[in-house]
Amino acid sequence: MSRQTDVQSETPDIRIPLTAVGVTNMTKEVVFNGGSRNYNVLADISVFTDVPGTQRGMHMSRTGEAVMDIIENAFSASTKTFERLCSEISSRVLEVSDGSTYAYTKLRGTLVVRKKSKVNGRITSDPVHVFASSRVTKGGSPRNTIGVSVVGMTVCPCAKQMVIDYSRELLKNEAEKLKISEDVIERILYMVPVASHVQRGVGRIMVHGVEPGIVDVYDLVDLIEEAMSAPTQDILKRVDEASLIRMGFEKPRFVEDAVRNMAKTFWFRYSTRLPPDTQIIFSQRNFESIHKHDAFAKLALRMDELGRFFEGYR
């Protein structure tokens, strides 16, 4: 067979360098065994590089081969995490991409987390969205990102307090007839669950500039769930529903509270394990039940900036 012409390596008619060229939404099952637990993920992977003005196109088959080689190797390798996989793909793609100065890989997938329910002790299987990326430059170190988003429940503190105040006035008006004192009224209001509005919320943490394996996705899942009022769960008997509601109403949280609690817990868990210039984004979106809009809060800062708020707690 005669030698084939390398069309991609030809000089283009319009010699403009391109910022990003690549393949997107390659859906692959990947086995990870480098975290605290093994897990399988159905992942969408996208890979990009730059293309110089002297090159007509990217060798996309080389990119696809590099991705598949590394994913197949992930089944047997001893240490694999989302961000390490992205880093290895970026490094390999950069090796086979003539003229490129960087390679960037991003991954989005769904991880099914099996754990014991805090409500009824059942073993649940909860979907969690995971995110990872890695940018590798010629002669530089990988820049990695890892993150997760988790669904939970929040109870509005403001509405709860307004109902408490309203109930207090009702009880005071009937105090003489019911033969109860103000101390008893306060005791009743403390012991009996009081109405508020409840909504599902999505908490997210993204950690940028992290070495692979330091931040565990399962740890982030627990951290985000704990920041909200209560978890959500698919299968609940009536007694379980009551337990879950009581759990949530004992810990009412604004969208702002959820973000601040994520930040505080994250710092105490990772302050000695992450460098000061690590960038973190904490966010929470609540799908409001009595409003037509959603509520949103976000905190973006470096690890050393976060530490200024909590150093005194040590």
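Whatever comes next refers back to the structure up there.
Everything in this summary refers to the structure shown in the same document.

Reading guide: rules and limits
- Residues numbered from 1 in each chain as written.
- Predicted model: local features only at pLDDT ≥ 70, side-chain atom pairs only at ≥ 80, totals over all residues.
- Heavy atoms only, no water.
- Helix = DSSP H or I, 4+ residues; strand = E, 2+ residues; numbered from the N terminus.
- Polar contact = N/O pair within 3.5 Å; in protein donor to acceptor, adjacent residues only side chain to side chain.
- Contact = heavy atoms within 4.5 Å.
- Buried < 20%, exposed > 50% of the residue type's maximum accessible area, 1.4 Å probe, protein only.
- Salt bridge = Lys/Arg side-chain N within 4 Å of Asp/Glu carboxyl O.
- Core = buried A, V, L, I, M, F, W, Y, C linked by side-chain atoms within 4.5 Å.

With respect to the helices and strands, D216 occurs in the loop between β6 (198-208) and α6 (217-227). From its side chain, D216 meets the backbone nitrogen of Y218 in a polar contact 2.8 Å long.

Topologically, L171 is positioned in helix α3 (residues 157-173). Along the backbone, L171 and E225 are 54 residues apart, and their C-alpha atoms lie at a distance of 36 Å. Aside from chain neighbours lying at most four places away, what touches L171 is I180, I185, I188 and L189.

Quick look at the side chain of E225 now. Its place among the elements puts E225 in helix α6. Residue classification places E225 among the buried positions, given a relative accessible area of 9%.

The next thing to look at is the pattern of salt bridges. Pairs can form between side chains of opposite charge once their charged atoms are near each other. Considering all chains together, one arrives at 8 salt bridges under this definition. Note that K251 and E226 form a salt bridge whose closest N and O atoms lie 3.3 Å from each other. Taken as a pair, K251 in the loop between α7 (238-249) and α8 (255-270) and E226 in helix α6 lie far apart in primary sequence, 25 residues in all. K251 sits in the partly exposed class, given a relative accessible area of 21%. Here the salt bridges share partners, and the residues they tie into one network are D165, R168 and E186.

Formed by 58 residues in total, the largest nonpolar core has its most connected members in F82, L107, V148, I205, V207, F266 and F282. With 8 residues, α8 is the single largest residue contributor to this core. Not counting the four nearest positions on each side in its chain, F82 is found in contact with F32, Y39, V41, L107, V130, A132, I146 and V217. Residues L171, I180, I185 and V194 belong to the second largest nonpolar core, which totals 7 residues.

For the rest of this paragraph, the subject is unusual backbone geometry. Of note, the phi angle at N25 is positive, near 55°, even though the residue is not glycine. You can see N25 is positioned in strand β1 (residues 18-32). With phi around 55°, K179 is a residue other than glycine that occupies positive phi space. With respect to the helices, strands and loops of the structure, K179 is situated in the loop between α4 (175-178) and α5 (182-191).

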